[in-house]
Amino acid sequence: GDVDQLFSIDESLKELAQLADTAGLKVVGSTYQKLASPNPRTYIGSGKVAEIKSAIHALGIETVIFDDELSAGQLRNLEKSFGGDVRVCDRTALILDIFNQRAATHEASLQVALAQMEYQLPRLTKMWTHLERQAGGQVKGMGEKQIEVDKRILRTQIGVLRKELESVRVHRKQYRSRRFSVPVPVVSLVGYTNAGKSTLLNQLTGAEVLAEDRLFATLDPTTRRVQMKNGNEFLLTDTVGFIQKLPTMLVAAFRATLEEISESSLLVHVVDISHPLAEQQIEAVDKVLSELDVSSIPKLMVWNKVDKVSDPQHIRLEADKRGDVVCVSALSGDGLDEFCDAVQGKLKDSMVWVEALIP
Ligand code: GDP
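This section reports on the structure supplied with the text.

Scoring rules and cut-offs
- Residues numbered from 1 in each chain as written.
- Predicted model: local features only at pLDDT ≥ 70, side-chain atom pairs only at ≥ 80, totals over all residues.
- Heavy atoms only, no water.
- Phe/Tyr/Trp six-rings, centres within 6.5 Å; stacked < 30°, edge-to-face > 60°.
- Helix = DSSP H or I, 4+ residues; strand = E, 2+ residues; numbered from the N terminus.
- Buried < 20%, exposed > 50% of the residue type's maximum accessible area, 1.4 Å probe, protein only.
- Core = buried A, V, L, I, M, F, W, Y, C linked by side-chain atoms within 4.5 Å.
- Contact = heavy atoms within 4.5 Å.
- Expected span 1.5 Å × (residues − 1).
- Arc of directions from axis to C-beta.

### So, the packing of aromatic side chains
Working step 1: Tallied over the full model, the rule gives one aromatic pair.
Working step 2: Here the aromatic rings of tyrosine 43 and phenylalanine 66 are separated by 5.8 Å at their centres, their planes lie at 90°, and the arrangement is edge-to-face. Highlighted residues: tyrosine 43 in the loop between helix 1 (9-22) and helix 2 (46-59) and phenylalanine 66 in strand 1 (residues 63-66), separated in sequence by 23 residues.
Working step 3: Of the residues examined, tyrosine 43 reaches a relative accessible area of 12% and is grouped as buried.

### Focus on the nonpolar core
Buried together is how nonpolar side chains tend to be arranged in soluble globular proteins.
Working step 1: Within the largest apolar cluster, 30 residues are counted, with the highest numbers of intra-cluster contacts made by Phe66, Leu78 and Phe82.
Working step 2: A total of six residues in this core trace back to one element, the largest contributor, which is helix 4 (residues 91-102).
Working step 3: Sequence-distant contacts of phenylalanine 66, defined by excluding residues within four places in its chain, comprise Leu16, Tyr43, Ile44, Leu78, Val88, Cys89, Asp90 and Arg91.
Working step 4: Of all hydrophobic cores here, the second largest spans 23 residues; its members include Ala195, Phe234, Val270 and Phe339.

### Looking at helix 11 (residues 278-291)
Working step 1: Between its first and last C-alpha, helix 11 extends 20 Å over 14 residues, near the 20 Å set by a 1.5 Å rise per residue.
Working step 2: Listing the buried residues of helix 11 in full gives Ala278, Gln281, Ile282, Ala284, Val285 and Leu289. Buried residues of helix 11 fall within an arc of 165° about the axis and therefore sit on the same side. In helix 11, those exposed residues whose orientation departs by more than 90 degrees from the buried face are Lys287, Ser290 and Glu291.
Working step 3: As for helix 11, its buried residues are in contact with strand 3 (186-191), strand 6 (266-272), strand 7 (299-304) and helix 12 (312-322).

### A word on helix 2
Working step 1: Taking 1.5 Å per residue as the helical rise, helix 2 with its 14 residues ought to reach 20 Å, and the 20 Å between its terminal C-alpha atoms agrees with that figure.
Working step 2: Of the residues making up helix 2, those classed as buried are Lys48, Val49, Ile52 and Ile56. Take helix 2 and look down its axis: the buried residues cluster within an arc of 100°, on one side only. Away from its buried face by more than 90 degrees, helix 2 exposes Ser46, Gly47, His57 and Ala58.
Working step 3: In this structure, the buried side of helix 2 is in contact with strand 1 and helix 3 (72-82).

So far we have only geometry, and geometry alone does not tell us how the molecule works.
Right under this line is the structure:
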């Protein structure tokens, strides 16, 4: 289907499998099909439907996840074709599930609830038409009316949530401005999910932030105080990780999380340099950053997981060539002193710059 050009089908499916794992599902296999255009009824062709159906029976599969967004009709038709209690969902619904599981703060919960309702809204229509058909046409027009009622209820709820979210954001802004009255620089960790951001945060602070080999281990911005050997301090903030194909709808829902980084003194872009698509991931993160209002904030890149690469010497040379890159292993602690020095240097540069502006 409509796979982001930057990433191969295999990579996209691999990430989908990681997402499913994060959601607590056990992945038994994956498959794909190349079609000139998706089948309007079932997204995939009838042969593929039959192939998956036999796999469902052979392996006792409970859930089938599609990498692209499906319409309500496609979801329903696929569920009917696969039969039984098989649950069919798409990437967006899976990510929403994970967000829902991981939402730790009030704000995150509101954001997830909002995104879930916005996801449901266009999917209501066909669900009711379906029920109407099931009732044998006896209640003709009933479904139609019910759709309108449900849509109105949902829209009202969405409005209420938006307002509540707005007020939560205002409160967070107040908290932030209080924090800024203390002259401690804020350093934000950004980067791909699974790059090792929470591992780095833990290594530097001993904070108990969930670190595991799962996507979205860090849904909510988490801030910790880091004290360096020379006594200087900075606040280190972990942000939600980027993913390859984050649905636009979810980007909007998590804007508050991303907004936080526009107020930091330094952005630390953490990269899993052992990842085969590290270069593409760097580009993708840079692209998102360029869309946010952060161009004036100094940046430092961290190439993490150097313990995992086959030729660390080569990686270090590449890092030197590129400049503004520190190689570390957040897991072993290797390079963390250099990292702190680099942060210190960057912060000093930006302080000088700020001082120059103040007469
Ligand atoms: P986050 O999603 O960016 O916060 O990533 P995590 O900190 O949760 O790390 C994702 C996975 O990568 C975990 O299994 C970590 O143990 C692993 N990891 C993190 N840093 C390193 C590293 O320097 N070397 C190796 N080999 N694994 C790492």
